[in-house]
Every structure is written in structure tokens, then in C-alpha cells.
Amino acid sequence: MTGLFFGALARLSMLRTDYRQYPSYPHGYASHLGLGVVAAFTGAVVLPALILRELTAATFLLLVAQQLREVRDLERKTLDRMEETELVKRGAGYVEDIAKVFEARNYLTMFAALAASTLTFLGWRLLEPMGVPLFSVLGGAAAGVAVITLGRKTLDRQPLRQVARIREGKINFRGTMLYVDDIHIQEVGLAKSRDRWAKLGLGVVIEPNDDNARATLANVGQRQAIAHDSAAIMGIRKDRDTPEFTPLVRLDLDTGRAAMAIIPVEPDIAPLLAAVGSVPVIEGARTRPLATKPGRRAAD
Amino acid sequence: MRGGEGLVVAVVTLAGEKVLAGGAPVFVVSGSEEREKVATTLGRVLDSQVHDLGNGVYVLVKR
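We now turn to the structure provided with this report. (Residues numbered from 1 in each chain as written. Chains lettered and ligands numbered in written order. Predicted model: local features only at pLDDT ≥ 70, side-chain atom pairs only at ≥ 80, totals over all residues. Heavy atoms only, no water.)

## Considerations on the sheet that holds strand E6 (residues 248–251) of chain A
Residues and elements named next belong to chain A. On the basis of which strands lie adjacent, the open sheet formed by four strands has the order E1-E5-E7-E6 and antiparallel pairing. The sheet terminates laterally at strand E1 (164–169) and E6, the two strands that pair on one side only. Strand-to-strand twist in this sheet, taken as the mean axis angle between neighbours without regard to direction, amounts to 20°. Pairing of E6 with strand E7 (residues 258–262) involves four bridges; the strand directions are antiparallel. In the sheet register, Val-249 faces E7, and the bridge partner there is Met-260. The strands that helix H7 (residues 211–218) touches are strand E5 (202–208), E6 and E7; relative to E5, the one it contacts most, it runs at about 135°. Against the sheet, helix H9 (residues 269–277) engages E1, E5 and E7, with an angle of about 40° to E5. (Pairing = 2+ DSSP bridges. Helix = DSSP H or I, 4+ residues; strand = E, 2+ residues; numbered from the N terminus. Axes fitted to C-alpha atoms, helices over the stretch in contact; angles between N-to-C directions. Contact = heavy atoms within 4.5 Å.)

Structure follows, in C-alpha cells:
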């Protein structure tokens, strides 16, 4: 019981942070919570089942665990299908990242439940002769909380602001070419569209802190994630028939800086910078050339 | 972002001789104002982006 409770709690505590990456309010929450409870249940009963030699039960649990692996596939499929309906796509990199995170969270749920139930179970055996078996629940609770905190800390994704400096850039045109400061973004053919960019557009420059961050920013999926999240948070003045207003994040090849041009619904730069800063560094983009010898030698 | 997938769906040009008949329909117009207008309409209709090649030719690119 303790295990079940803490597993569910773990999933719930992680659900709260999800809304931005996957805005599926009531029903998405319900289905993830449901799955979380199943995962928690699995984790909670696995040890008692083994100890009590209920091998049938244990086999069933393995089956459930296998089901959990399909979560990732399911998430990916859903998000992939939703891409069609997004004005600014998440991009394959981001979709994969979100799916991975959901899968991992369910495993964490299972671990939390397992830890809580193990401690409760052992504690019960230990404390029963002393006549105070219920105290073991406290031990289980402590284990559950510990796993949740630890798991959240290690699985927490790094926000972009930790690896790069994010500041405002000026939208400007050289002929028909759209620039943010001195970073080229795209060609805009129609004079009216250029006027609109000049009047309503905002520019953001992202300067990587080191070569690791530079590699991250170079990842196309990472940059699409930045564009998607910025548009999702700030709103966007664009429809299907005006693709020239799609927010784009482009690289300055010489310095590794990235720049984004976007036309948000509200042209406020401060919240836009905050939005960009809170975009997670996606796992597929997290390369660390500086951890290798040739990478370090190339860096200086 | 998905690099290199652009498709030229239409061409709007002041100078017909600068474009050879290829995969996309070519619309020859008689002034920059008309070119702007035709390109805008086509862009909306085809959900595509207008690019100025700088030599009097506009291409509509769909991604």
C-alpha cells in the first residue's frame, strides 16, 4: 500500500511540470496518472510476490513492465500525428525527447514504489516481534520520498539558460534578406511581409557558453524545439498560408551563435527571452565534444 | 528547419525569358505592382512562401 501510494505520488509530482511540452489537460493527465498507478502497483508488489513465492504474480508483473515500454512508442505516435496540426512543429528531436522522458518517468514511478514497499515489507518483519509493525510504514515512506527526490533531481532536464546566454537581437533587412543582428535568417520576397517583420518581429540571440553548448545549438532538433516552445508560450501571428512568418532559429556558422526571428502575438521581449531560456536541452542534442580528447584539442 | 525539402510550386516573373518551362507553372506579369499582387495571392492559395531571386523573378516555395 505504501509503495502504491508513493509511486502514484511520484508520477503526480512529475505530471505538474509537463503541461508545456505536452498540453493535454484533463484526459492526458488522467491517462498518464492511470498508467502511473499501474506502474506503481507493479513496483509495489514485486518484492512481496517474490518473497511469498507467488511466481505467477511475478510473471504477470513482468508482463506489465513490458507494457510500460510501449508508453514511449505511444507517446511518439500521438505527438507525431499532432505535428500536422501544429503551426510550428515540435520536430522529430523534441518528440523523441518527450517520449523518452515519459517512459523514464514511469520507470521512476516503479522504482519509488519498489523502494517504499521493500522498506515497508522488511520493516514489518523486523518490527512485528516488537509489536509495532505499523512503524515500518514510516520507513517505507522515507524510502519513497528519497527515491522521488533523487529521481527528480537526476532526471531534471537542463534548461537552455544554463548552457547559453540569451539576449535580444535587432531584426533588420539587407535587401530582402532578414537578419537578427548580423545572423542571416531567411529571404523574404514580399515587401508587405518585410514591413510586417520589421514592425512586429522580435529577435533573440543565443550565445553558447562553451563548445558543448555550441554542439547542442547546432542540432536541428534543438533549434526546432526552441522555435516551437517560444511560439507555444508567446503565441504567434501566423497561419498556414503565411509560411514566411514561421519562427526560425538559424546558426551563425563562424561563432556558433544561434538567432531566432519570431512574430509573437504580444511583442514583449522579456517574456520571450524567459521562454527561450526555459526550453529544455533535449537529450538527442546533448553532445559533449569537450569530454573527448580530440574535442578538447580542437577547442583551443 | 527541415533542410533542403523546399519545392518550387510556381514562378512569377517580369521577364519571361529568364525562366524556362520546368516543373512549376510560370506567371508572366507586366509590372512590379502586379508581380507583388499575384505573388501574394498565389502564396496564400498555395500555402507557400514567396522568395525574391533578385533578378525580377519571384518563386513560390512550399516546405
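That covers the picture; the talk isn't over yet.
## As for the interface of chain B and chain A
One widely used convention gives an interface's size as the accessible area the parts lose upon coming together. Counting residues at the interface gives 13 residues for chain B and 19 residues for chain A. Carbon and sulfur atoms supply 52% of the area that chain B and chain A bury against each other, a total of about 1,400 Å² over both sides. In this structure, the salt-bridge partner of Asp-47 of chain B is Arg-240 of chain A, at a minimum N-O distance of 3.8 Å. For the pair chain B and chain A, the interface holds five residue pairs in polar contact (both at pLDDT 80 or more). If you list the elements that add at least two residues to the side of chain B that touches chain A, you get helix H1 (32–45) and strand E3 (49–52) of chain B. With five residues, the single largest contributor to the side of chain B that touches chain A is H1 of chain B. Of the residues that constitute the side of chain B that touches chain A, the class distribution is four nonpolar, five polar and four charged. (Buried area = accessible area lost by both parts, 1.4 Å probe. Salt bridge = Lys/Arg side-chain N within 4 Å of Asp/Glu carboxyl O. Polar contact = N/O pair within 3.5 Å; in protein donor to acceptor, adjacent residues only side chain to side chain. Nonpolar A, V, L, I, M, F, W, Y, C, P; charged D, E, K, R; others polar.)

## Looking at the pattern of salt bridges
Residues and elements named next belong to chain A. This structure, assessed with the given rule, holds 13 salt bridges over all chains. Across the pair Arg-90 and Glu-86 runs a salt bridge whose closest N-O atoms are separated by 2.9 Å. Classification of Glu-86 as partly exposed rests on a relative accessible area of 22%. A salt bridge links Lys-100 to Glu-283; the shortest N-O distance between them is 3.6 Å. In this pair, Lys-100 sits in helix H4 (residues 92–127) while Glu-283 sits in the loop between H9 and helix H10 (293–299), placing the two residues 183 residues apart along the sequence. Owing to a relative accessible area of 26%, Lys-100 belongs among the partly exposed residues under this scheme. Accessibility expressed as a relative area gives 40% for Glu-283, which makes it partly exposed. The network of salt bridges with shared partners includes Asp-73, Arg-76, Lys-77 and Glu-96. (Buried < 20%, exposed > 50% of the residue type's maximum accessible area, 1.4 Å probe, protein only.)

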